[in-house]
Amino acid sequence: MALHYVCRHCQSQVGTLDQERLATTNLGFDVLTNAERQNMISFMSNGDLEIKTICEECQEALDQSPHYHEQQTFLQ
Ligand SMILES: [Zn+2]
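Residues numbered from 1 in each chain as written. Predicted model: local features only at pLDDT ≥ 70, side-chain atom pairs only at ≥ 80, totals over all residues.

1. A short note on the overall build of the protein
Logical step 1: Counting its regular elements, the protein contains three helices and four strands.
Logical step 2: Secondary structure of the protein in N-to-C order comes out as β-β-α-α-β-β-α.
Logical step 3: Sorting the 76 residues of the protein into buried and exposed places 0% on the buried side.
Logical step 4: Within the protein, contacts between residues at least 6 apart in sequence are counted, and of these 52% link residues at least 24 apart. (Helix = DSSP H or I, 4+ residues; strand = E, 2+ residues; numbered from the N terminus. Buried ≥ 20, exposed ≤ 12 C-beta atoms within 10 Å, placed from the backbone. Contact = placed C-beta atoms within 7 Å.)

2. Brief notes about the pairing of strand β2 (residues 13-18)
Logical step 1: The element β2 is largely exposed, with a buried count of zero among its six residues.
Logical step 2: Where strand β1 (residues 2-7) and β2 come together, five bridges link them in antiparallel fashion. If you follow Leu3 over to β2, its bridge partner there is Leu17.
Logical step 3: Connecting β1 to the antiparallel partner β2 that follows it, the hairpin turn spans five residues, and Gln11 within it adopts a positive phi of roughly 65°. (Pairing = 2+ DSSP bridges.)

3. Let's talk about the pairing of strand β4 (residues 49-53)
Logical step 1: One ladder, built from five bridges, connects β1 with β4; its direction is parallel. Bridged to His4 within β4 is Glu50.
Logical step 2: If you look at the hairpin formed by strand β3 (residues 41-43) and β4, you'll find five residues sitting between the two strands, and Gly47 has a positive phi there, around 95°.

4. A short note on unusual backbone geometry
Logical step 1: Its identity is not glycine, yet Gln11 carries a phi of approximately 65°, on the positive side.
Logical step 2: Here Gln11 lies in the loop between β1 and β2.

Encoded structure:
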């Protein structure tokens, strides 16, 4: 079993964790609600898990867009 991290915005593969690393990695799933978990995690046909996350590029774009939006609002 492996975990595949996929960007929820651009669908690019962010990373993969195999089971050996899973055993020693705190995934943080325990802080998520069941709904969040179901929303983030999907089972693939081969038994692997796909985790929806966000890649660096999309994170940067999101970090920048609120400022852009603020500026637009300010200019009006
Ligand atoms: Zn992305």
